[in-house]
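# Structural overview
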Amino acid sequence: MRQSGAIGIDLGTDSVKAVAVETVLGESAARVIGVGASLGKGIRKGTIAEPEEAGQAIKEAVGALEKSTGIKSRGAHVGIGGAGLAFQKSKGLVAVSRADSEVTKEDASRAVQASEANLSRLQNKEILHKFPIVYRVDNEVLARDPVGLVGVRLEAEVLFITAFSQSLKNAIKAFDEADINIEEVIASPLAAAKAVLDEREKEVGVMLMDIGSTTTSIILFEEGLPYSLEVLPFGSANITHDIATGFRTTLEEAEKLKINYGSLRQESAPPKKTARGGEDLVYGAYSKKKLSEIIEARLDDIFELAEKHLKKYERAGLLASGVALVGGGANLPGIEILAKERLKLHARVAEPENLGGFKEKVKNPAWSVAVGAALMALDHNSNTSPFFRGRTGSLFHWLRAFLP
Ligand SMILES: Nc1ncnc2c1ncn2[C@@H]1O[C@H](COP(=O)(O)OP(=O)(O)OP(=O)(O)O)[C@@H](O)[C@H]1O
Ligand SMILES: [Mg+2]
């Protein structure tokens, strides 16, 4: 018997991906009911630029999902990414309210509110998620959960994940265009993490890298909580562009070369000599060795920026669970070997796991965000996002106020 179901949508630049999942009584793993995808339109570097076009792409993806599953979708949980995603940490201090100085739940939430009030640089941004990292009672006792402790002053340190207000407004417009309710907006790196990381990895320290087409998103976890987040404006489409320029060929041909022959650090067979004594050529004209070099050069740049991120947040070489690579760009054979070398961390390519039903349909790192968004919806214990609302909720009303 079905207990609950949800639809997750990843608004990607290259493609919009929609997945339906359900939980069934007596089964621990969520079941994949089906998927639908469409060519990304109206989305630039992960951010909706033209809501009408993006709305069409959403309609097509959801239409394909409905056709393949026979279900009718009312609303969706949406992963949004792009350069507008960022994080900020802030502190908030309150006086403990009870006469006997015991910290209550209300004190804890007031301390979180105070930290929100202390946030700087919030112009044109909206808070998507808040994670209380630690509480301090009277400036000395540190606790994850301060309720029941005794003291006079309570301070909360909170991590906020924010998005550009404009991106959210455009997302609302695009989903309106597609006639789908947004039930929840999730920062896409958090959604991807939900699909591919386990609690132990997040506890001991892990970096997730989502190599999309035009962006690469990085999120670090430590002690079970997000630690930092950054969206780099480069992805696998940049590799395609480099191949097109390097071989003076079209983008279509370059994409085919990348998908069919692109690889890194692979133990390859010795180059076959052609009749003219040339090296191993593909499509009769392109050197496989040069192809690998072009791909490696661009990925090197991306991993260098990821390493900079690790250094900036003093986590270089410190993440016991290493790096998990997701996104369509993680499909290049041998990418984990390059990541391991460059980041000096254990590296693995990750894809949505622990699923039942038509799980083969999402067995690709590119499906992590869509699957994670749907799984977060099923996860009743998750209350990290204030926006679980639908057309009547606070996010919706708040955003509506800005629309003409
Ligand atoms: N088998 C493959 N080998 C190499 N690259 C691949 C493969 N499959 C997909 N890609 C690349 O992955 C990219 C698409 O990945 P993904 O679907 O994660 O992007 P997106 O989410 O739409 O984009 P973004 O996250 O930048 O908004 C494309 O650039 C595509 O060329
Ligand atoms: Mg993406």
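For clarity, every value in this text was computed on a predicted model and none was experimentally measured.

## A closer look at the pattern of salt bridges
On inspection of all chains with the given rule, the structure shows 26 salt bridges. Its salt-bridge partner being Arg 31, residue Glu 22 comes within 4.0 Å of it at the nearest N-O pair. By relative accessible area, which is 10% here, Glu 22 ends up buried. Across the salt bridge formed by Glu 222 and Arg 315, the nearest N and O atoms sit 2.5 Å from each other. Of this pair, Glu 222 sits in strand E13 (residues 216-222) while Arg 315 sits in the loop between helix H8 (288-312) and strand E17 (323-326), and the two are 93 residues apart along the sequence. Accessibility expressed as a relative area gives 14% for Arg 315, which makes it buried. Each of Glu 296, Asp 300, Glu 341 and Arg 342 takes part in a single network of salt bridges with overlapping partners.

## Observations concerning empty space enclosed by the protein
Counting across every chain of the model gives two cavities of 30 Å³ or more. The computed volume of the largest cavity comes to approximately 50 Å³. Taken together, Leu 11, Gly 46, Thr 47, Ile 48, Ile 80, Gly 81, Ser 167 and Ala 171 make up the full set of residues lining the largest cavity. Sorting the residues of the lining of the largest cavity by element identifies strand E5 (47-48) and helix H3 (165-177) as the ones contributing at least two each. Of the residues assigned to the lining of the largest cavity, the class counts are four nonpolar, four polar and no charged.

## Section: unusual backbone geometry
Here the phi dihedral of Lys 45 falls at roughly 45 degrees; this positive angle occurs in a residue that is not glycine. Tracing the backbone shows Lys 45 in the loop between strand E4 (43-44) and E5. The exposure class of Lys 45 is partly exposed, given its relative accessible area of 36%. At Asn 139, a position not held by glycine, the phi torsion is positive, near 65 degrees. Its location among the elements puts Asn 139 in the loop between strand E8 (125-137) and strand E9 (141-143).

## What to know about the packing of aromatic side chains
Scanning all chains against the criterion turns up three aromatic pairs. Note that Lys 202 overlies the ring of Phe 221, its terminal NZ or CZ placed 5.4 Å from the centroid. The ring centre of Tyr 283 lies 5.8 Å from the NZ or CZ of Lys 256, which sits over that ring.

## Quick notes on the domain arrangement of the chain
Many descriptions give the size of an interface as the accessible area lost when the pieces come together. Parsing the chain into structural domains produces domain 1 (86-163) and domain 2 (198-349). Centre-to-centre separation of domain 1 and domain 2, based on C-alpha positions: 38 Å. Of the roughly 700 Å² buried between domain 1 and domain 2 on both sides combined, carbon and sulfur atoms contribute 69%. If you look at where domain 1 meets domain 2, you find zero salt bridges.

## Concerning the sheet that holds E8
Taken together, four strands build an open sheet; the order of strands is E7-E10-E8-E9 and the sheet is antiparallel. Edge strands, defined here as strands with exactly one partner in the open sheet, are strand E7 (86-95) and E9. Neighbour-to-neighbour, the strand axes of the sheet open up by a mean angle of 30 degrees, direction not taken into account. Taken together, the eleven bridges between E8 and strand E10 (residues 153-164) define a ladder with antiparallel strand orientation. For Tyr 135, the partnering residue across the bridge sits in E10 and is Ala 156. Most of the contacts of H3 go to E10, to which it runs at about 60 degrees, and overall it touches E8 and E10.

What counts, and at which threshold
Residues numbered from 1 in each chain as written. Chains lettered and ligands numbered in written order. Predicted model: local features only at pLDDT ≥ 70, side-chain atom pairs only at ≥ 80, totals over all residues. Heavy atoms only, no water. Salt bridge = Lys/Arg side-chain N within 4 Å of Asp/Glu carboxyl O. Buried < 20%, exposed > 50% of the residue type's maximum accessible area, 1.4 Å probe, protein only. Helix = DSSP H or I, 4+ residues; strand = E, 2+ residues; numbered from the N terminus. 1 Å grid on protein atoms, 1.4 Å probe; cavity = no way out; pocket = protein on both sides within 12 Å on 5 of 7 lines; lining within 4 Å. Points joined across faces, edges and corners; volume = space filled by probe spheres on them. Nonpolar A, V, L, I, M, F, W, Y, C, P; charged D, E, K, R; others polar. Phe/Tyr/Trp six-rings, centres within 6.5 Å; stacked < 30°, edge-to-face > 60°. Lys NZ or Arg CZ within 6 Å of the ring centre and 35° of its normal. Domains from an automatic or database assignment. Buried area = accessible area lost by both parts, 1.4 Å probe. Pairing = 2+ DSSP bridges. Axes fitted to C-alpha atoms, helices over the stretch in contact; angles between N-to-C directions. Contact = heavy atoms within 4.5 Å.

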